[in-house]
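Commentary on secondary and tertiary structure
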Amino acid sequence: MKRIIMLALLMFILVGCETNPPVDTVVPNGLLPLSAVEDCDVTTLDGGWTCIWADEFNGSVVDETKWNFEVNGSGGGNGELQYYTRENAQVVDGKLVITAIKESYLGMDYTSSRLTTKYKGTFKYVRIVVRAKMATGVGTWPAIWMMPLMNAYGGWPDSGEIDIMEYVGYDANRIYSTIHTERFNHNLGTQIGFNRLVPNAETEFHDYEMIWSPGYIKTLVDGNTIGEFNYVPAFTSDVPYSEAFPFDQEFFLILNLAVGGSWGGSQGVDVNAFPTTFEIDYARVYKQDYATLDEEVPSDPTGISLAQLKNTLYWQKTADDYGVEQYAVYIDGDFSRYASLNQITLTGLNVGQTYQIQIQAIDFVGRVSGLSDSFSLTYT
Ligand SMILES: [Ca+2]
Ligand SMILES: [Ca+2]
């Protein structure tokens, strides 16, 4: 009898365990809604943006769970004059304060600091807001910028650089936004950049911002556009998209105050300008909460065209309520590969043979468009 009761109890427990917890089946790829991080003072922004990483600089020291110090005198690759130390960055009154000082240190004439979120905060397709006040004086060069976590497409500049905001003291009150890629970079004089006057950039805090989605980066100051960077495959159809727009990988954030160097020092360095500070009130990173927001299927890809680059096709960027994350490429009706942006170079096919190529758009929650019309490609 006791055994039967035990068995019944066991059955009950087993049946109880089999009752499935509620499962979110709203989105095809199982993406779950985002939760805002607790240490972000503004947890959401209009447009469905949720804060996923932030530093309000409310503590008494730099939070090394979020930031790395880059300690070196290597000149930042630009012949800069500072030695970057840990001691030149402090958290004071709710702000990160980076101070550039004129002092002899390990063979350099200035000290300053450079902090990165490498391996601690890495991001893709996000919105970043950094509230900051510039340093002062000829020869200073503060920046809010991003570098790729992995060099997926090769060393600088092939894997890209995003300069959300740069400021050179000799060009007072003008802020710059620039991207560098293999095709477009300052070594070639082909970098793509914009600038905007901010008359009190050195005396007041402003929100410097970037919004990044597939094939698109926009920078802003206080909500006003500085520049927009678009991947337009028809304009660069002689190269793969990774050479023109390699921004489909994880990037990390960098805050630094350089002294001198190829750009910041091109009008000399005013020794009387030091010490001077680059102050950051907060850095916040937002991501769109696709699982909660996205409701529509992407439209079918159209406009497939032959690129100048061999065996390469591009097509119109597909419309979707919250954006297309990637495209699936089909050859003769079979799935072949994915493309992050609206261009693909086909490889490994038979020379002289003609193939029917179709494209399908996939949004961030896994909703798929129909297949495009077929494009006949004879492989060369
Ligand atoms: Ca703050
Ligand atoms: Ca959608």
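Conventions adopted
Residues numbered from 1 in each chain as written. Chains lettered and ligands numbered in written order. Predicted model: local features only at pLDDT ≥ 70, side-chain atom pairs only at ≥ 80, totals over all residues. Helix = DSSP H or I, 4+ residues; strand = E, 2+ residues; numbered from the N terminus. Contact = placed C-beta atoms within 7 Å. Domains from an automatic or database assignment. Nonpolar A, V, L, I, M, F, W, Y, C, P; charged D, E, K, R; others polar. Buried ≥ 20, exposed ≤ 12 C-beta atoms within 10 Å, placed from the backbone. Pairing = 2+ DSSP bridges. Core = buried A, V, L, I, M, F, W, Y, C linked by C-beta atoms within 7 Å.

1. Brief notes about the overall build of the chain
Secondary structure summary: the chain contains 3 helices and 26 strands in total. Its C-alpha atoms give the chain principal-axis dimensions of roughly 80 × 75 × 35 Å. If you take every contact in the chain between residues at least 6 apart in sequence, the share linking residues at least 24 apart comes to 71%.

2. So, the domain arrangement of the chain
Domain boundaries in the chain define domain 1 (44-288) and domain 2 (295-378). Between the C-alpha centres of domain 1 and domain 2 there is a distance of 34 Å. Taken together, the contacts link 14 residues of domain 1 with 14 residues of domain 2. The residue makeup of the side of domain 1 that touches domain 2, split by class, is 8 nonpolar, 4 polar and 2 charged.

3. Some details on the environment of Pro240
With respect to the helices and strands, the residue Pro240 is situated in the loop between strand 17 (224-230) and helix 2 (241-244). For Pro240, a count of 22 C-beta atoms within 10 Å translates into the label buried. Excluding anything up to four places from it in sequence, Pro240 contacts Leu309, Gln343 and Thr345.

4. Quick look at the sheet that holds strand 24 (residues 343-345)
Strand order in this open sheet of 3 strands is 20-21-24, and the pairing throughout is antiparallel. With one partner strand each, in any of the chains shown, strand 20 (305-306) and strand 24 form the two edges of the open sheet. As paired elements, strand 21 (residues 312-314) and strand 24 share 3 bridges and run antiparallel to each other. Paired with Thr312 across the two strands is Thr345, which belongs to strand 24.

5. Considerations on the nonpolar core
Ranked by internal contacts, the top residues of the largest apolar core, which has 85 residues, are Ile128, Val130, Ile144, Ile162, Ile164, Ile280 and Val285. Beyond its immediate chain neighbours, meaning those up to four positions away, Ile164 contacts Ile128, Ile144, Trp145, Met146, Ser177, Tyr208, Met210 and Thr219.

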